[in-house]
Each structure stands twice: as structure tokens, then as C-alpha cells.
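# Structural description and commentary
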Amino acid sequence: MLLGIFLLWVLLRSPLLPTVADSVLFFAENLVRILQELLNWLMGVPAGLKLNVPLNFALGKFFLYHIYLWKGYIAILLMPNLAPLLLCIALVGIGGVSFQLSMLSDLMGLLTFHMYCFYVYAARLYFLMFYAVRSLFRLFRGKKWNVLRERVDSCSYDMDQLFAGSILFAVLLFLLPTVLMYYAVFTSLRVAVIVIQSTLSALIGFINSSPVYPVILWLRQAPATKGNIKYTILSSSQSNCIWLSMELETASLENILQHSFPACQERAARCTYFRPLLTSLLQGELVGSAGLFGKRDN
């Protein structure tokens, strides 16, 4: 909380807030320019690949039109309201720096919302084409997917079905590399954004579970940090009476830290399962931060 209040004081007492607002606007406008250049590159001959010209042109114009809409969003909504939004982010520092980092992560989500839309469009289109090609490939093998039993069973097709399936399979197979190129590019951008947001989430979790207060209590030898009980024999008499002195011993710093990091230990125990993640990406399934780094913290 002290760190959040300090950042709030720095932002309010210095002319840093307008500078941050200008930097955020420059980042948003520069991101739009980079996406435009990337789409123009994809609409040409990216990396020497020969893509389907009509489909490539249609997809490029589709995404460029959304960038045109995003420019209007920046000019109409973001520019007039960015300074008050940054002021709100600074004011929530009263609740601690973790509140500021959470709102910063949400602000980054707003600034990259168009990239998320591009990723969803490309992923849904690739998902449909991938499953269509896979289903038509089973047709050549005389098989089909049994929905009830959730397995691949044998099936007999007539000539009309094989002829129509051959035409659709050839068309979709030649169109798939063009869709795959857009999907790979926008998926890479989406994963980069998720990595940054997950890093902020991990930093928030570390700040929330950092043992600053227990360490201060331990340095002050506060009663709350007492652990074991120590007995000392003062004297003994002939009447079999023993006089004991009892005092509480302060727990060790290592013990204090071990009991203060349960949340960090849980996050460290989470592992990234790259094989299911890679399978989801290859099949065109939507992947969020939970799919990359376990369950996302609220």
C-alpha cells in the first residue's frame, strides 16, 4: 500500500501524468501503423510464399477496414478520456500498487483489443477450414467421425459424395496456407500480449504475498512472531518442587518466510503444459492466459 501511495504522490506532484498519456497515445498509434505495414506485407508475397491472391486480398482488406475503425476509436474515445483514465489508475494506488498494476493490465487489454479481434477472426476461420479438411480427408479413407461414440468408424460413400468431397477438399487445401499465414501472425501477436499480461499478474501475486509486514514484526520482536516455548530450571527444593521459568522464543526468519509464501508456492507449483497448448494452437482453438500459465488470477 505504501508503494502505491508513493506512486500516487509522484504522479500527482510531478508533470509525469501528461507525459505518460502522450506515451500511451504514441504507443497506440505506433501499434496501428505497425499492423498496417504488417498487413500490407501479408497482402504481397510474405517471405516469398505464393498465396491465393483473391483470398489474400479479401482478408487483407477485411483487417485493414478494422484498423480504420480502430483509428476512429482512438480519435473519438481514447484520446479525450485517456488522461482521466490514467488519473483513475493513479488514484487506486490508495489500495496498493497491485491495484495499479491490475488496471495497467486492463489498459493494455484495451489498447490491444483490435489485435485480439484479429486473432479471434483468424482462429475461427482457420478452425473451420482445418476441421473441414480433416473431415474430407476421412472421406477418402472411407471413414467418418461417430458423434455418439466419439470415435472414427468406417463408412461407405457413393460416387457423388466422393466427387463433391474431392472438389471441396482440393479447394480448401489450396486456400488453407493463406489462412494459416494470417492465423500464425495474429496468434504470435496474441501470445506476446498474453505473456506480458501474465507477467503483470505474476508480479501482482508476488506483491500481494510478499512478507513485508511479517518481517517488520520479526525485526521488532513482536509477540505475533513468537514460536517455541523455552523452559529454564531456576531452582529445586528438597520437597521435590522445581521452579521453572517459561518464555516464548521468537521464530526464525526462515520459518516466518515459509509461512508467508503460500500463494507464491502455489504459483511456482503450476507448470505450463506445452503439449496440450501446442495441440490447441495447431487446431485453431482459442487460447487465453489460462491456457498458457494455468488459471489466471482475478
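Just so it is clear, the model here is predicted, and its values are computed rather than measured.

### Section: the packing of aromatic side chains
Taken as a whole and judged by the stated rule, the model has 14 aromatic pairs. Summarising the aromatic geometry, the rings of Phe 63 and Phe 186 are spaced 4.8 Å apart at their centres and angled 55° between planes, so their arrangement reads as tilted. Of this pair, Phe 63 sits in helix 3 (residues 53-91) while Phe 186 sits in helix 6 (residues 159-208), and the two are 123 residues apart along the sequence. The two residues Phe 63 and Phe 186 agree in class, both being buried. Among the aromatic side chains, those forming a connected cluster through ring pairs are Phe 62, Phe 63, Phe 118, Tyr 121, Tyr 182 and Phe 186. One cation-aromatic arrangement involves Arg 124 over Phe 127; the distance from NZ or CZ to the ring centre is 4.7 Å.

### A word on the pairing of strand 1 (residues 143-146)
With four bridges joining them, strand 1 and strand 2 (residues 151-154) adopt antiparallel strand pairing. Bridge pairing in strand 2 places Lys 144 opposite Asp 153. Hairpin connection from strand 1 to strand 2: four residues lie between these consecutive antiparallel strands, with Glu 150 at a positive phi of about 55°.

### What to know about the packing of helix 3 against helix 6
Running from N to C, helix 3 and helix 6 cross one another at 30°; their axes reach a closest spacing of 9 Å. Here helix 3 is positioned roughly parallel relative to helix 6, judged by the angle of their axes. Of the residues in helix 6, those in contact with Leu 55, Asn 56, Leu 59, Gly 60 and Phe 63 of helix 3 are Leu 175, Thr 178, Val 179, Tyr 182 and Phe 186. Of the residues assigned to the contact of helix 3 with helix 6, the class counts are seven nonpolar, three polar and no charged.

### Let's talk about the packing of helix 5 (residues 113-140) against helix 6
Orientation of helix 5 relative to helix 6, taken along the N-to-C sense of each, is 150°, at an axis distance of 7 Å. One element, helix 5, and the other, helix 6, form an angle in the roughly antiparallel class. Regarding helix 5 and helix 6, the two cross each other, and that crossing is left-handed. Its residues assigned to classes, the contact of helix 5 with helix 6 comprises 29 nonpolar, four polar and one charged.

### Observations concerning the environment of Lys 61
In this structure, Lys 61 sits in helix 3. Expressed as a C-alpha distance, the spacing of Lys 61 and Asn 40, which sit 21 residues apart in the sequence, is 9.4 Å.

### Observations regarding helix 3
Taking the largest bend as the criterion, helix 3 deviates by roughly 55°, centred on Leu 82, and proline Pro 84 comes between one and four positions later. Two or three places before Leu 55, at the start of helix 3, stands the capping residue Asn 52, its side-chain oxygen 3.0 Å from that residue's backbone nitrogen.

### Points about the pattern of salt bridges
Per the counting criterion, the structure on display carries one salt bridge. Between Arg 33 and Glu 37 there is a salt bridge whose closest N-O contact spans 2.9 Å. Placement of the pair is Arg 33 and Glu 37 together in helix 2 (residues 16-42), with a separation of four residues, close to one helical turn.

### A look at a nonpolar patch on the surface
On the surface, Ile 229, Tyr 231, Ile 233, Ile 242, Leu 244, Met 246 and Leu 248 cluster together to form a nonpolar patch covering roughly 780 Å² of accessible area. Where the nonpolar patch is concerned, the elements lending two or more residues are strand 3 (226-236) and strand 4 (242-250). Sorting elements by how many residues they give to the nonpolar patch places strand 4 first, with four residues. Here Met 246 falls in the exposed class, since its relative accessible area comes to 55%.

### Quick word on the confidence of the model for the protein
Predicted confidence across the protein gives a mean pLDDT of 78, with 83% of residues reaching 70 or more. Counting contacts from residues 268-272, a segment whose pLDDT is below 50, to residues more than four positions away or on other chains yields five contacts.

### Points about the nonpolar core
Among the nonpolar cores identified, the biggest contains 42 residues, and Leu 39 and Phe 186 are the most heavily contacted of them. For this core, the leading source of residues is helix 3, giving ten residues.

### Examining the environment of Ser 280
Considering the arrangement of structural elements, one finds Ser 280 in helix 10 (residues 274-283). When its relative accessible area of 18% is taken as the criterion, Ser 280 is described as buried. Aside from chain neighbours lying at most four places away, what touches Ser 280 is Tyr 183, Glu 285 and Val 287.

### Some thoughts on the side chain of Arg 190
Locating Arg 190 in the fold gives a position in helix 6. Of the side chains with opposite charge, Asp 106 comes closest to the buried, unpaired Arg 190, at an N-O distance of 11 Å. Setting aside chain neighbours within four positions, we find Arg 190 in contact with Tyr 116, Tyr 119 and Val 287.

Cut-offs and rules
Residues numbered from 1 in each chain as written. Predicted model: local features only at pLDDT ≥ 70, side-chain atom pairs only at ≥ 80, totals over all residues. Heavy atoms only, no water. Phe/Tyr/Trp six-rings, centres within 6.5 Å; stacked < 30°, edge-to-face > 60°. Helix = DSSP H or I, 4+ residues; strand = E, 2+ residues; numbered from the N terminus. Buried < 20%, exposed > 50% of the residue type's maximum accessible area, 1.4 Å probe, protein only. Lys NZ or Arg CZ within 6 Å of the ring centre and 35° of its normal. Pairing = 2+ DSSP bridges. Axes fitted to C-alpha atoms, helices over the stretch in contact; angles between N-to-C directions. Parallel < 35°, antiparallel > 145°, perpendicular 65-115°, else oblique. Contact = heavy atoms within 4.5 Å. Nonpolar A, V, L, I, M, F, W, Y, C, P; charged D, E, K, R; others polar. Left-handed = near helix turned anticlockwise from the far one by under 90°. Bend = angle between axes of the 7 residues up to and from the residue. Polar contact = N/O pair within 3.5 Å; in protein donor to acceptor, adjacent residues only side chain to side chain. Salt bridge = Lys/Arg side-chain N within 4 Å of Asp/Glu carboxyl O. Patch = residues over 30% accessible without salt bridge, like charges linked within 9 Å, V, L, I, M, F, W, Y side chains within 5 Å. Areas by Shrake-Rupley, 256 points an atom, 1.4 Å probe, with all protein chains shown as cover. pLDDT = per-residue confidence, 0-100. Core = buried A, V, L, I, M, F, W, Y, C linked by side-chain atoms within 4.5 Å. Lys, Arg positive; Asp, Glu negative; His and termini not counted.

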